[in-house]
Amino acid sequence: MSRQYFGTDGIRGRVGTMPITPDFVMRLGYAAGKVLAQSEALASGVNRPTVLIGKDTRISGYMLEAALEAGFAAAGVDVMLAGPVPTPAVAYLTRALRLSAGVVISASHNPYHDNGIKFFSAQGNKLPDAVEAAIEAELNNPMACVPSEKLGRARRLDDARGRYIEFCKSTFPNELDLRGIKLVVDCAHGAAYHIAPDVFHELGAEVIAIGNTPNGFNINDKHGATAPAALSAAVLEHHADLGIALDGDADRLLMVDASGRIYNGDELLYLMVKDRLANGGVSGVVGTLMTNMAVEVAFNAMGVGFARAKVGDRYVLEVLQERGWLMGGEGSGHLLFLDKHTTGDGIVSALQVLSALQRSGQTLAQITADMRLWPQTLINVKVPSGFDWKKSEGIIGEKERAEAELAGSGRVLIRASGTEPLIRVMVEARDATLAQALAERIAAQVQ
């Protein structure tokens, strides 16, 4: 599908510039409402769909929420407002309440001046490409308004927070608890600030919360999964057993052990596969083009099938569904356990890791000791919007020269970001110095 507005994770950009403007977002709400109304009418003979809108803690969320609400109402779609809740909470509540769709106002791990819109289907999954294409097609039509008697209504969803807390707790084994464990939980000043600490506390842990005072401008700022140094320092300062870092919309997870060492999504996925193998079985695992080669080698040695998807948790999910597998993830911390949730969920993922550690009786360091990640160098290069590196003979030539030097002992990956005007250059090799040198050479050519 050729996308004009939708990227790998919805529509995202700088607030105040297209497409993250109030007028466009109102038209987006109307276009999405029209598509939903048409599909609802075909499916059930009714034309009164209801959508749930949640958001993170960015100051722009108020403006965009109002614009979306107006667009949906003009299309004859009812709206339920959840307020600030994690992205996976919207996915869960949409499915649990049998709603037509869920909408999240968030730019995930981006800074506060960005924002975005992403949609979930009635089943709690990211929207299929075909539905996104239908919404983009509808955006080309003039915005109108249904008659007054058919306008959508809006109301607040009572206790969205409490409902989601209970769901998260339900994914933790009944026979286990977190008593005697001291956790530092970094909420990235984001959507989980009033949820994540309570989940772990109610399961028995002693919780020290950081990054839990959002002011509209500090989301992801020096806190959370994209800046885990703050969590490492807090774990050491408080002599905690473990640290949990979420991102702004709480769909990513990184963890820190008592020594302050950070564990990324690749390592946590490996840990969970080991746990599932010891307590049942694993049919296969899906990673991405960015998944560390050491993980693939380890899974092969364990007899576990492994497949790579395009970067983005929606693509990991697609491959999981195609193959009928349950587990997948990204090094960035998006982890999927489809027997627990329909989408990546940082809190739920942390609970699965904690239960695995309890069952094994081992620490994070011990359970991952037999898998050492290969050194990776990732360099982000800013480029003009729409830049296509595949048309550059210089970049292609530099990539081929790097691959020749690696001679099968590493990988080169160049890709355009799906959410920002960046080219991401990644080189992976057993030799860290070589990976760094080759990545810098390619990045210089991109610049």
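The rules we used
Residues numbered from 1 in each chain as written. Predicted model: local features only at pLDDT ≥ 70, side-chain atom pairs only at ≥ 80, totals over all residues. Heavy atoms only, no water. Pairing = 2+ DSSP bridges. Helix = DSSP H or I, 4+ residues; strand = E, 2+ residues; numbered from the N terminus. Axes fitted to C-alpha atoms, helices over the stretch in contact; angles between N-to-C directions. Parallel < 35°, antiparallel > 145°, perpendicular 65-115°, else oblique. Contact = heavy atoms within 4.5 Å. Patch = residues over 30% accessible without salt bridge, like charges linked within 9 Å, V, L, I, M, F, W, Y side chains within 5 Å. Areas by Shrake-Rupley, 256 points an atom, 1.4 Å probe, with all protein chains shown as cover. Salt bridge = Lys/Arg side-chain N within 4 Å of Asp/Glu carboxyl O. Phe/Tyr/Trp six-rings, centres within 6.5 Å; stacked < 30°, edge-to-face > 60°. Lys NZ or Arg CZ within 6 Å of the ring centre and 35° of its normal. Buried < 20%, exposed > 50% of the residue type's maximum accessible area, 1.4 Å probe, protein only.

## Thoughts on the sheet that holds strand S4 (residues 101–105)
And step 1. The strand order across the open sheet built from six strands is S1-S5-S4-S2-S3-S6, with neighbouring strands paired in mixed fashion. Where the open sheet ends on each side, the last strands, each with one partner, are strand S1 (11–14) and strand S6 (154–156). The average angle at which neighbouring strand axes cross in this sheet is 20°, direction not considered.
And step 2. Taken together, the five bridges between strand S2 (residues 50–55) and S4 define a ladder with parallel strand orientation. Looking at the pairing, Lys-55 lines up with Ile-105 of S4.

## A word on the sheet that holds strand S10 (residues 253–257)
And step 1. Taken in spatial order, the five strands of this open sheet run S8-S7-S9-S10-S11, and their pairing is mixed. Each edge of the open sheet is held by one strand with a lone partner, namely strand S8 (206–210) and strand S11 (262–263).
And step 2. Sheet analysis places strand S9 (residues 242–246) next to S10, joined by five bridges and oriented antiparallel. Looking at the pairing, Gly-243 lines up with Val-256 of S10.

## Some points on the packing of helix H3 (residues 87–96) against helix H5 (residues 160–170)
And step 1. Contact pair H3 / H5: the axes reach a minimum separation of 10 Å and the direction vectors enclose 90°. Relative to H5, the element H3 lies roughly perpendicular. Contact residues: H3 offers Pro-88, Ala-89, Tyr-92 and Leu-93, while H5 offers Ala-160, Arg-163, Tyr-164 and Phe-167.

## Here's the deal with a nonpolar patch on the surface
And step 1. Taken together, Ile-59, Tyr-62, Tyr-112 and Phe-217 make up a surface patch of nonpolar side chains, about 420 Å² in accessible area.
And step 2. Among the structural elements, Tyr-112 can be located in the loop between S4 and strand S5 (114–121).

## Description of the packing of aromatic side chains
And step 1. Under the defined criterion, the tally for this structure stands at seven aromatic pairs.
And step 2. Taken together through their ring pairs, the aromatic side chains of Tyr-92, Tyr-164 and Phe-167 make up a single cluster.
And step 3. Lying over the aromatic face of Tyr-263, Arg-261 brings its terminal NZ or CZ to 4.0 Å of the ring centre.
And step 4. Of note, Lys-310 hangs over the ring of Tyr-315, and the distance from its end group to the ring centre comes to 4.3 Å.

## Let's talk about unusual backbone geometry
And step 1. Each neighbour pair has its own omega, and for Met-18 with Pro-19 the value is 5°, a cis peptide bond.
And step 2. The phi dihedral of Ser-108 falls on the positive side, at around 55°, and the residue is not glycine.
And step 3. Inspection of the secondary structure assignment puts Ser-108 in the loop between S4 and S5.
And step 4. Phi angles above zero are rare outside glycine, and Ala-188 is one such case at about 60°.
And step 5. Following the sequence through the fold, Ala-188 ends up in the loop between strand S7 (182–186) and helix H6 (196–202).

## Section: the pairing of S9
And step 1. Buried residues dominate S9, accounting for five of its five residues.
And step 2. Side chains Leu-242, Ile-244 and Leu-246 of S9 all project onto a buried face; the interleaved residues Gly-243 and Ala-245 project onto the opposite face, where all are buried too.
And step 3. One ladder, built from four bridges, connects S7 with S9; its direction is parallel. In the sheet register, Leu-183 faces S9, and the bridge partner there is Leu-242.

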